Amino acid sequence: MGKKNILLRPVREDDAKELAAIYRPYVTDTAITFEYEAPDASEFVRRIRAVTKKYPWICAVDETDRILGYMYSGAFKSRPAYDWGVETSIYLAEDARGRHIGTLLESAYCRLLKAAGYTNVNACITFSPRETDAYVTPASPLFHEHLGYKRCAHFHECGYKFGQWYDMIWMEKIIAPHEASPRHPGVLSEDEIVRLLNQ
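Computed from a predicted structure; not experimentally measured.

What about the packing of aromatic side chains?
- Counting across every chain of the model gives 15 aromatic pairs.
- Measuring from centroid to centroid gives 5.8 Å for Y23 and F44, while their planes differ by 70°, and the two rings are edge-to-face. Placement of the pair is Y23 in helix α1 (residues 16-29) and F44 in helix α2 (residues 41-52), with a sequence separation of 21 residues. F44 matches Y23 in its accessibility class, with the two residues each being buried.
- Three or more aromatic residues joined by ring pairs make a cluster, and in this case those are Y23, Y26, F44, W57, Y70, Y72 and Y91.
- Just above the ring of F44 sits the side chain of R47; from NZ or CZ to the centre is 5.8 Å.
- Sitting above the plane of the Y166 ring, R130 keeps its charged end 4.9 Å from the centroid.

Put into structure tokens, the structure is as follows:
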């Protein structure tokens, strides 16, 4: 299946079961996320409602509407001076990796963020201090670097999972100019999101 067969759309609450299934292996089998317990569908409904009050949450689907991956964001920091930045998260189904779906999602998502008035996109990424690690690979830093993110911070041994310590790196991408008097980011309607995804 090529990218021409993949559609992007806003996430719906009835996607929660599929989203939870995609996310579960990241919790149970990797250190990519520092959650210890995989959230269920009802928790995903709660998260969808919380996120979409302010930020877009989108997914990539195949021709049967099966979700292949998704991307959303949250506040970079809670104080109002940080309002022009977000922290993003992106997850792919296991059989959807290596098909450029992540690139498709990230490109479209940054278009949405720029339209809403955001300037800085930040990614918080697990980094292993070991040469080889069963629970995390260099794939995420390399993916973000390929998309124009720059490494801007490295925190050492700040996360503990699977009986070992992990580093955390921050990577950032600037998606819009920093104006002297910037407009405050707004909330995109579902119609606006659909229109921008179809551009």
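Right, picking up where we left off after that structure.
Some words on the sheet that holds strand β3 (residues 67-75)
- Strand order in the open sheet made by the seven strands is β1-β2-β3-β4-β5-β7-β6, with mixed pairing throughout. Across the chains shown, the open sheet's two edge strands, defined by having one partner strand only, are β1 (7-10) and β6 (150-161). Here the average twist between neighbouring strands, direction ignored, is 25°.
- Bridge analysis of strand β5 (residues 120-127) against strand β7 (residues 164-174) gives eight bridges, and the strand direction is antiparallel. Residue pairing in the sheet places I125 in a bridge with I169 of β7.

Quick notes on the packing of α1 against α2
- One way to put it is that α1 packs onto α2 with a least axis distance of 8 Å and a crossing angle of 105°. Overall, the two elements α1 and α2 adopt an arrangement that is roughly perpendicular. Two secondary-structure elements touch here, α1 through A16, K17, L19, A20 and Y23 and α2 through A41, F44, V45, R47 and I48.

So, how was this worked out
- Residues numbered from 1 in each chain as written.
- Predicted model: local features only at pLDDT ≥ 70, side-chain atom pairs only at ≥ 80, totals over all residues.
- Heavy atoms only, no water.
- Phe/Tyr/Trp six-rings, centres within 6.5 Å; stacked < 30°, edge-to-face > 60°.
- Helix = DSSP H or I, 4+ residues; strand = E, 2+ residues; numbered from the N terminus.
- Buried < 20%, exposed > 50% of the residue type's maximum accessible area, 1.4 Å probe, protein only.
- Lys NZ or Arg CZ within 6 Å of the ring centre and 35° of its normal.
- Pairing = 2+ DSSP bridges.
- Axes fitted to C-alpha atoms, helices over the stretch in contact; angles between N-to-C directions.
- Parallel < 35°, antiparallel > 145°, perpendicular 65-115°, else oblique.
- Contact = heavy atoms within 4.5 Å.

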